[in-house]
Structure formats: C-alpha cells, structure tokens
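# Structural characterization, general
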Amino acid sequence: MSSRNSGSSDIPSSDLPNKIDEQLKKQKEIDDWLPITSSRNAKWWYAAFHNVTAMVGAGVLSLPYAMANLGWGPGVAILVLSWTITLYTLWQMVEMHEMVPGKSYSTIAWAASVHKGVQGHVEYGYKATTAPGTMFNFFTALGDVAFAYAGHNVVLEIQATIPSTPDKPSKGPMWRGVIIAYLVVALCYFPVALVGYYVFGNLVEDNILISLEKPTWLIVMANMFVVVHVIGSYQLYAMPVFDMLETLLVKKLQFRPSAALRFITRNTYVAFTMFVAITFPFFGGLLGFFGGFAFAPTTYFLPCIMWLAIYKPKTFSLSWFTNWICIILGILLMVLSPIGGLRNIILQSKNYKFYS
C-alpha cells in the first residue's frame, strides 16, 4: 500500500533505484544523440566563426539593390542603424541566455566592382518610375537589409555549445565571438552595398554577381564560394529544425535513436526545402518578404520585449527608451517589408513558368 501511495505503481520499492537509473541512462543516451545537447565544448572562436557563417549569407549580394531602392541617405542610415540595433539585440540574447543566481564571395563582389569602375550613364535615382512603385520597393529594400542581418535565430544554439559554469558563464566567450563576427560583418556588408551601388547605380541587379558579368572565371569562382558557404550556413539554420524533429521522434513517438532515423529525417527535410527553392526562385522578393516577416521579430524587437519583461528597466530611462525605439522600428519593419516583398513576388510571377 505504501509503495502505491508513493507513486511507484506496481514496481517494488527495491526495484525503484534500478528503474530510475535505467530512465536516466536512456535520457542521457537521447541527449547525447540529439544535435543541440550532444556536445558543449566550443570556444569563443567557434562562436565567431558560426555567427559569421549564420549572418553573412547570400543576402549580402542584394545590398546594392537595396541601396538602389533606398537611396544614398536613407540607405547608409538604415545599414548603420541595422548593424547597431542587431548588435544590441544580439547582446541582449547573449546576456539572457543564462540567468543564474569572410568571406572569401562578398570581397569578390565589391573588389570586382571597383575594378570595373563606374559605369556609363549611371544614375542614383530610385529604380521605380512611379510613386507607388518607389514606396513598395523601399519597403522591399528594408526587408532585404533585415534578411542580410538575420542570424539571431540560431545564436542561442551557438551559445549552447560553449561550456558554462556559474564562475565562467558562456556569455563571456560568446560575446567575444560576437564582437569579432560583427567586425567581419561590417567589412563584408558596407563595401558591397556602397561600392556596388556607386558603380552600377539604380541599374544594379538584385544579385550583384549578375551585374558584374565579367570576368567569367571570377563570377564562377564567386558563385562557387556562395555554394560552399550556403552548405555551411544551411547546417546552422537547419540544426534547430533537426533537433526539433528528432526530439519529437525519439521522445514523443518513441523511435529508437539511430543513424538510419537521422539519415531519413534530415534528408527528407533537405529534399523538401530544395523542392520549395526550385519551385519559387524569386530571389529579391523572397528576401524582402522573409526578411521582414520571419527575421525582423527575432532580430530587431523580440529580445527587447523579453528584456523589458525580465529586467524591468525604470520607465523613461535610457534602457527603456532604447528598447522601445527598437520595438517600434522592428514592428514597422515586420509590417511594411513583407508588403513590398509580396508585391515583387506577384509581379515576377506573372511571367514565370514553373521549372522552365
């Protein structure tokens, strides 16, 4: 009777320790198998490398096009402001993670642009010829910039790989890695955006490699670097999805952790994303749409909302004002940029033939 009242059901008291040890062993086996909890031995340079890999992606190639839709003044201001805001919100995420009592193709893009020189008949006016078109393109460009700075979605997973103790929390080496990563981001982003727009003006394509055209061997090499980089960054962004799917399979659906299960799950997901990418290849429009709709919340304002809720800074203090400004700007970005991106996708889809 006493064993039943203690919550052990029909298991004899003498077997409880063995049962608990067996459950703990099984849980450890699952945690060691799952990608996010499998290892925790990374250093600050791992954080720097992975943050650069997560952030400096193919979106950097659209920055000159974004500049063409923003103009010199607003474009430079938005680039610098986005760099500052996203660094601030990234610092917040690193701080809140634990509360206990180059890029080889971006360089090619701007260096080749410098070598090519300012093109004849370059104009720096807006690409669109109508006021509504200019406005919607401006919204899309905001999403392009937001997409380029997206990396916050995986920052917690990166920090989770760093050893952490009460004496030496992971936020120390993580922040060191973030600072290095953001310096690299600045060296990649600003030259591409400013030089690319300066050389090609409002005729620049939404992928600057297309505007460069020649020399062919350099463009081919740059595209090859893009592929190599995307293979690495894809793994970073896919890892939380893999973890979620594999956790569901082994913890909820009781599948046995195995190499075969991992192979089937991950390849199915990769095949699905490849199918979507091939089916809807609207580069510029998708950057603008997802940059605002999917990445603006985690990159620009959700960390600020959590900071206000957890730390409760004094009303009208510098911290209070800073966070509310980021929240307002982030929400405007989330609302406006998908509108422009969706319009671009609709316009491009009018003449698009699937798999042509």
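Residues numbered from 1 in each chain as written. Predicted model: local features only at pLDDT ≥ 70, side-chain atom pairs only at ≥ 80, totals over all residues. Heavy atoms only, no water.

In the annotation of an unreviewed UniProt entry, the entry for the protein reads Putative amino acid transporter, and the organism field reads Tripterygium wilfordii. Here the protein is described in UniProt, under the heading Subcellular location (unreviewed entry), as follows: "Endomembrane system". In the Sequence similarities (unreviewed entry) part of its UniProt record, the protein is described as follows: "Belongs to the amino acid/polyamine transporter 2 family. Amino acid/auxin permease (AAAP) (TC 2.A.18.1) subfamily." (UniProt positions renumbered as here; feature names shortened; annotations may be inferred.)

## A short note on the UniProt feature "transmembrane region" (unreviewed entry) in the protein
Within this structure's numbering, the places UniProt gives as "transmembrane region" (unreviewed entry) are residues 44-66, 72-91, 178-200, 220-242, 263-283, 289-311 and 323-346. Its end C-alpha atoms 32 Å apart, residues 44-66 is made of 70% helix and 0% strand. Secondary structure content for residues 220-242 is 100% helix and 0% strand, and the end C-alpha separation is 32 Å. (Helix = DSSP H or I, 4+ residues; strand = E, 2+ residues; numbered from the N terminus.)

## A few points about the environment of tryptophan 44
With respect to the element layout, tryptophan 44 can be found in helix α3 (residues 44-55). Filtering out sequence-adjacent residues up to four positions away, tryptophan 44 remains in contact with Pro173, Arg176, Gly177 and Ile180. (Contact = heavy atoms within 4.5 Å.)

## Quick word on helix α7 (residues 131-148)
Here α7 is 18 residues long and its end C-alpha atoms lie 26 Å apart, about the 26 Å a rise of 1.5 Å per residue gives. Among all positions of α7, only Gly133, Thr134, Asn137, Phe139, Thr140, Ala141, Leu142, Gly143, Asp144, Val145, Ala146 and Ala148 are buried. Between the side-chain oxygen at the start of α7 and the backbone nitrogen of glycine 133 there is a gap of 3.2 Å, and the oxygen is on threonine 130. (Expected span 1.5 Å × (residues − 1). Buried < 20%, exposed > 50% of the residue type's maximum accessible area, 1.4 Å probe, protein only. Polar contact = N/O pair within 3.5 Å; in protein donor to acceptor, adjacent residues only side chain to side chain.)

## A few points about α3
Its 12 residues place the ends of α3 17 Å apart at the C-alpha level, agreeing with the 16 Å of an ideal helix rising 1.5 Å per residue. Of all the positions in α3, only Ala47, Ala48, Asn51, Val52, Thr53, Ala54 and Met55 are classed as buried. Buried residues belonging to α3 abut α5 (72-96), α7, α8 (155-159), α9 (171-200) and α11 (216-252).

## Some points on the packing of aromatic side chains
The geometry of an aromatic ring pair comes down to the distance between the two centres and the angle between the two planes. With the rule as written, the count across this model stands at 17 aromatic pairs. The interplanar angle of 35 degrees and the centroid separation of 4.3 Å between the aromatic rings of tryptophan 307 and tyrosine 311 together place this pair among those described as tilted. Of the two residues, tryptophan 307 and tyrosine 311 both sit in helix α13 (residues 283-311), 4 residues apart, roughly one turn of that helix. Taking the relative accessible area as the measure of exposure, tryptophan 307 reaches 10% and is therefore buried. Taken together, the ring pairs connect Trp72, Tyr124, Tyr197 and Tyr198 into an aromatic cluster. (Phe/Tyr/Trp six-rings, centres within 6.5 Å; stacked < 30°, edge-to-face > 60°.)

## Observations regarding a nonpolar patch on the surface
A cluster of nonpolar side chains, namely Leu81, Phe316, Phe321, Trp324, Ile325, Ile328, Leu329 and Leu332, defines an oily patch on the protein surface of about 790 Å² accessible area. It is helix α14 (residues 318-349) that provides the largest number of residues to the nonpolar patch, a total of 6 residues. Following the sequence through the fold, isoleucine 328 ends up in helix α14. (Patch = residues over 30% accessible without salt bridge, like charges linked within 9 Å, V, L, I, M, F, W, Y side chains within 5 Å. Areas by Shrake-Rupley, 256 points an atom, 1.4 Å probe, with all protein chains shown as cover. Salt bridge = Lys/Arg side-chain N within 4 Å of Asp/Glu carboxyl O.)

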